[in-house]
Amino acid sequence: MTLVAHVAAAADRVGADTPALIGLPADAAAAPARLTYRELLERSKAVAAELHRRGVGRGDAVAVWLPNVPEWLVVELAAARLGCRVVPVNTRYREAEIRHVLTASHARAVVAPLGFLAIDPRAMLGDWTGLVLTVRVGDGGAAPDGAVPLESLTEPGDFPEAGADAAEEPLNLFVTSGTSASPKIVVHAQSSLVTRLGAAAERFDIRPGDVMLCALPLCGVWGLGATVSTLLAGGTVVMLPTFDPDRVAEVIGEYGVTHMHGGDDMLLAVLSSSRLDAERCGRWRSATFGNFSGRPPGDLFRAGERLPGLRIAGAYGSSEAICFVAAWPASAPYERRVLGGGPLTDEETRAVVVDPADGTELPPGTPGELRLG
């Protein structure tokens, strides 16, 4: 089935009025934005209809240049309905990088934030001629001429919804980090996302009624993967547009967070925060980490002892492999969970290590090139 069909099936299981997405504003005093599963699915129809009306259709690319806000997932599902491609764009990119991604992906539309950080879509897009949809994230910010406020798109309209065959077509064109050259684009189909992220939801034991805190950027495969895996499981995602460990610690208690993914340094900062109340945060039972800092993982596990019910476990993945290639279950012993990697998360993936010179498969314990298929 398509991604939309799987999310709709989750809505049927848990109830369409169950909260799907809670977007917390940058200003902690402002009201959060909430979408139920019903509202998420209905608003994705409205955005799909507007894209279709403006000439964006099957096979076209839509660039999503947003921080962590519920509209990110609205556009993701709208694109899936139309059979479009979604190009996640990092909000830290500057004009040259934005232009590179839009050109390389042949994007027909871009969804841009207004009032977020120092982003100025009118200046940074310049003479780019595609359709611009805007999302109001904070105060200030001027929209380019002719831009359509995405918040105004609430009524479903007519559009040609892609059928089941769209499941095998590309949906997300993830942009790699570009640390050694210009950012590169990797392509994933709806079926690949559903397979990998559905299996990840099972590995991370995400259940209906659970709450995932997404502080990782949705423009990255890990942030989007954690969010979609939670929706496939019928849980609720609480998202923050920027990361502040003290605020995250407070949010975990306030919203009854059960799961959080992040780099080891990110999770360590939250677990070390003076705002983390062990009693209020008692529902937090799963923290999955990637070891990006190079520090001994024992530091993170020791900090986690503040919460007796919390199980911390390592994982491994990449943009090219839709993240979550391998991960340790919470039931694994400490000496395993402290390591990166773990058992493969789904039965569709095969991992081998080969000699990079001739492609010969090597025995376990032999250094070589990792290939996933």
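Per chain, residues are indexed from 1 in the order of the written sequence. The predicted nature of this model means local features are confined to residues of pLDDT at least 70 and side-chain atom pairs, given and counted, to a pLDDT of 80 or more, with totals for whole chains, interfaces and linings taken over all residues. No hydrogens and no water enter the side-chain calculation; it runs on all heavy atoms of the structure.

Novice: For this particular structure, what's the right way to read the overall build of the protein?
Specialist: Helix and strand assignments follow DSSP, with helices taken as H or I runs no shorter than four residues and strands as E runs no shorter than two, numbered in order from the N terminus. The number of helices and strands found in the protein is eleven helices and 17 strands. Every radius of gyration here is taken over C-alpha atoms, with the globule rule written as 2.2 Å times N^0.38, N being the number of residues. Against the compact-globule benchmark of 21 Å for 373 residues, the protein has a radius of gyration of 20 Å, which places it among compact chains. Here the C-alpha coordinates of the protein stretch approximately 55 × 55 × 40 Å along the principal axes. Three labels apply to residues, based on accessible area from a 1.4 Å probe with only protein chains included: buried if under 20% of the type maximum, exposed if over 50%, partly exposed otherwise in between. Of all 373 residues assigned to the protein, the portion counted as buried reaches 55%. In this description, contact between two residues means that some pair of their heavy atoms is separated by no more than 4.5 Å. Long-range pairs, those at least 24 residues apart, make up 67% of the contacts in the protein with a sequence separation of at least 6. Here the Shrake-Rupley method, with its probe set to 1.4 Å, supplies the accessible areas, and only the displayed protein chains count as covering residues. Here the protein has roughly 15,700 Å² of accessible surface; of this, 51% comes from carbon and sulfur atoms.

Novice: Sorry, what's going on with helix H2 (residues 37-53) here?
Specialist: One turn of an α-helix holds 3.6 residues; hence residues three or four places apart share an orientation. Working rule for helices: expected span equals 1.5 Å times residues minus one. The end-to-end C-alpha separation of H2 is 25 Å, in line with the 24 Å expected for 17 residues at 1.5 Å each. Along H2, the residues that are buried comprise Tyr37, Leu40, Leu41, Arg43, Ser44, Ala46, Val47, Ala48, Ala49, Glu50 and Leu51. Directly beyond the C-terminal end of H2, a positive phi value near 90° is found at Gly55.

Novice: Looking at this structure, I do not really get the nonpolar core. What am I missing?
Specialist: Side chains that are nonpolar tend, in soluble globular proteins, to be buried together. Within the largest apolar cluster, 123 residues are counted, with the highest numbers of intra-cluster contacts made by Leu73, Met260 and Trp284. Here this core gets nine residues from one element, more than from any other, and that element is helix H3 (residues 71-82). With near-sequence residues (within four places) excluded, Trp284 lies in contact with Ile252, Val257, Thr258, His259, Met260, Leu267, Val270, Leu271, Leu276, Leu307, Gly309 and Leu310. Throughout this description, the term nonpolar core refers to a set of buried Ala, Val, Leu, Ile, Met, Phe, Trp, Tyr and Cys residues connected via side-chain atoms within 4.5 Å.

Novice: Even after reading the chapter, I still don't get the side chain of Glu76, so can you show me in this structure?
Specialist: Along the chain, Glu76 turns up in helix H3. Although Glu76 lies buried, it forms no salt bridge, and the closest oppositely charged side chain, Arg85, sits 12 Å away as judged by the N-O distance. Engagement of the side chain of Glu76 in a polar contact is seen with the side chain of Asn172, the distance being 3.1 Å. When neighbours within four sequence positions are excluded, Glu76 is seen to be in contact with Leu3, Val86, Leu171, Asn172, Leu193 and Leu224. When charges are counted, Lys and Arg are positive and Asp and Glu negative, with His and the chain ends excluded. The term salt bridge refers to a pairing of a side-chain nitrogen on Lys or Arg with a carboxyl oxygen on Asp or Glu at a separation within 4 Å. Counting of polar contacts relies on pairs of N or O atoms within 3.5 Å, with two restrictions inside protein: one atom must be capable of donating a hydrogen and the other of accepting it, and residues adjacent in sequence are counted only when both atoms are side-chain atoms.

Novice: What exactly am I supposed to notice about unusual backbone geometry here?
Specialist: When glycine is set aside, most residues are seen to have a negative phi, and most peptide bonds are trans. Residues other than glycine seldom take positive phi values, yet Leu117 does so here, at roughly 50°. Here Leu117 falls in the exposed class, since its relative accessible area comes to 52%. Phi angles above zero are rare outside glycine, and Cys323 is one such case at about 50°. Considering the arrangement of structural elements, one finds Cys323 in the loop between strand S14 (311-316) and strand S15 (326-327).

Novice: Would you mind showing me how to read a nonpolar patch on the surface here?
Specialist: Within the patch definition used here, like charges are joined within 9 Å and nonpolar side chains (Val, Leu, Ile, Met, Phe, Trp, Tyr) within 5 Å, considering only residues with over 30% relative accessible area and no salt bridge. Where nonpolar side chains cluster on the molecular surface, the patch consists of Tyr316, Leu370 and Leu372 and spans about 260 Å² of accessible area. Following the sequence through the fold, Leu372 ends up in strand S17 (residues 369-372). Of the residues examined, Leu372 reaches a relative accessible area of 35% and is grouped as partly exposed.

Novice: Would you mind showing me how to read the packing of aromatic side chains here?
Specialist: Geometrically, a pair of aromatic rings is defined through the distance of the ring centres and the angle of the planes. Each pair of aromatic rings taken from Phe, Tyr and Trp, with Trp reduced to its six-membered ring, is defined by centres within 6.5 Å and is described as stacked if the planes are under 30 degrees apart, edge-to-face if over 60, and tilted in the remaining cases. According to the stated counting rule, one finds five aromatic pairs in the structure shown. For the pair Trp222 and Phe324, a centre-to-centre distance of 6.5 Å together with 80° between the ring planes defines the contact as edge-to-face. Of this pair, Trp222 sits in helix H7 (residues 221-233) while Phe324 sits in the loop between S14 and S15, and the two are 102 residues apart along the sequence. For Trp222, a relative accessible area of 15% gives the class buried. Three or more aromatic residues link up through ring pairs in this structure, and these residues are Phe204, Trp222, Phe292 and Phe324.

Novice: For this particular structure, what's the right way to read the packing of helix H1 (residues 3-14) against H7?
Specialist: The axes of two packed helices give the description: the angle between them and the distance between them. Where H1 contacts H7, the axes come no closer than 7 Å and their chain directions differ by 50°. Classified by the interaxial angle, the pair formed by H1 and H7 is oblique. Contacts between H1 and H7 involve Leu3, His6, Val7, Ala10 and Arg13 from the former and Val228, Leu231, Leu232 and Ala233 from the latter. Structural elements are reduced to axes, namely lines fitted to C-alpha atoms, with helices fitted over the stretch in contact, and the angle between N-to-C directions of any two is expressed from 0 to 180 degrees. Working rule for angles: under 35 degrees goes down as roughly parallel, over 145 as roughly antiparallel, 65 to 115 as roughly perpendicular, anything else as oblique.

Novice: Mind showing me how you'd approach H3 here?
Specialist: The end-to-end C-alpha distance of H3 is 16 Å, a good match for the 16 Å that twelve residues give at a rise of 1.5 Å each. With respect to burial, H3 is a largely interior element, twelve of its twelve residues being buried. Every buried residue of H3 is accounted for by Glu71, Trp72, Leu73, Val74, Val75, Glu76, Leu77, Ala78, Ala79, Ala80, Arg81 and Leu82. Downstream of H3 by a residue or two, Gly83 has a phi angle that is positive, lying close to 80°.

Novice: What's the story with the sheet that holds strand S13 (residues 286-290) in this structure? I'm lost.
Specialist: We treat two strands as partners when DSSP finds at least two bridges between them. On the basis of which strands lie adjacent, the open sheet formed by eight strands has the order S2-S1-S11-S10-S12-S13-S14-S15 and mixed pairing. Taken across any chain shown, the strands that pair with only one partner, and hence form the sheet edges, are strand S2 (33-36) and S15.

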